[in-house]
Amino acid sequence: MRIAIVAVGKARVSPERDLYRHYAARISWPLTLIEVEEKKRLPPPALKEAEGRLLLAAVPARATVWALDGGGRTLDSEALASAIGRLRDGGTGDLALLIGGADGLSDEVLRRANFTLSLGAMTWPHMLVRGMLGEQLYRAQQILAGHPYHRA
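Residue positions are counted from 1 within each chain, in the order its sequence is given. In keeping with the model being predicted, local features are shown solely for residues with a pLDDT of at least 70 and side-chain atom pairs are shown and tallied solely at 80 or more, while totals for entire chains, interfaces and linings include all residues. In computing side-chain properties, one takes all heavy atoms of the structure into account and sets aside hydrogens as well as water.

Along any regular strand, the residues point their side chains to alternate faces of the sheet. Most of strand β4 (residues 94–99) sits inside the fold, with 6 of its 6 residues counted as buried. Only protein chains enter the accessibility calculation, which uses a 1.4 Å probe. A residue is then buried if its area is under 20% of the maximum for its type, exposed if over 50%, and partly exposed in between. A run of H or I in DSSP counts as a helix once it spans at least four residues, and a run of E counts as a strand once it spans at least two, with each numbered from the N terminus. Residues of β4 alternate between two faces, with Asp 94, Ala 96 and Leu 98 on one and Leu 95, Leu 97 and Ile 99 on the opposite face, all of them buried. Paired strands, as defined in this entry, are two strands with at least two bridges between them according to DSSP. Bridging between strand β1 (residues 2–8) and β4 involves 6 bridges; their strand directions are parallel. Bridged to Ile 3 within β4 is Leu 95. Taken together, the 5 bridges between strand β3 (residues 64–74) and β4 define a ladder with parallel strand orientation. Looking at β4, one finds that Val 65 is bridged to Ala 96. Note that the unit made of β3, helix α3 (residues 77–89) and β4 has a crossover that is right-handed. Handedness rule for crossovers: strands pointing away from the viewer, path from the first strand over the helix to the second running clockwise, crossover right-handed.

Turning our attention to the pattern of salt bridges. Within this document, salt bridges are pairs made up of a side-chain nitrogen of Lys or Arg and a carboxyl oxygen of Asp or Glu, the two lying within 4 Å of each other. For the structure on display, the rule yields 6 salt bridges. Residues Arg 2 and Asp 94 are paired through a salt bridge, measuring 2.9 Å at the closest nitrogen-oxygen approach. Residue Arg 2 is located in strand β1, and its partner Asp 94 is located in strand β4; the two are separated by 92 residues in the primary sequence. Exposure remark for Arg 2: the relative accessible area of 45% places this residue in the partly exposed category.

The sheet built from 5 strands is open, its strands ordered β2-β1-β4-β3-β5 with parallel pairing. Across the chains shown, the open sheet's two edge strands, defined by having one partner strand only, are β2 (31–36) and β5 (115–118). The sheet shows a mean angle of 30 degrees between the axes of neighbouring strands, direction not considered. Note that β1 and β2 share 6 bridges and pair parallel. Axes here refer to lines fitted to C-alpha atoms; in helices the fit is confined to the stretch in contact. Angles between the N-to-C directions go from 0 to 180 degrees.

The next thing to look at is the nonpolar core. Note on terminology: a nonpolar core comprises buried Ala, Val, Leu, Ile, Met, Phe, Trp, Tyr and Cys residues joined through side-chain atoms within 4.5 Å. Among the nonpolar cores identified, the biggest contains 25 residues, and Ile 5, Trp 66, Ile 84, Leu 95, Leu 97, Leu 133 and Leu 137 are the most heavily contacted of them. Looking at this core, the elements with two or more residues in it are β1, α1 (15–24), β3, α3, β4 and α5 (126–144). Beyond its immediate sequence surroundings of up to four residues, Leu 133 is in contact with Ile 5, Leu 68, Leu 97 and Ile 99. Membership of the second largest hydrophobic core comes to 14 residues, among which are Val 36, Ala 63, Leu 105 and Ala 113. Any two residues having at least one pair of non-hydrogen atoms within 4.5 Å are treated as being in contact.

Here it is as structure tokens:
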């Protein structure tokens, strides 16, 4: 199964980018980071809609789409690994994980999502979410492989 993280914003040199790259390099599944960015200065509601269109346009064809949103379902690491394992074992070819910008995800993105995942009730900077998601994907890989990295 191929995994694409489709995210708003271009990561600049930063600790957040390094954190994502650290975990992405450890993942054996084919992993791609697709960054989208709206160049026009728009008011927040219009920007969120424009970013939503860019996110959806970047989703690989026939991908299962998971949106990361504070209103989504929280999973512990084992449940996340199980959900990914079910997709993989069920023949899903592509999983796209969508990360919105500072104003969140558009209603269109949330309607398109097959699942909405929350990283918790706290608000996280969208650039930091990439690293956190990268770590959880690596952890899921290790859980599914029976590796002792996960010690819960």
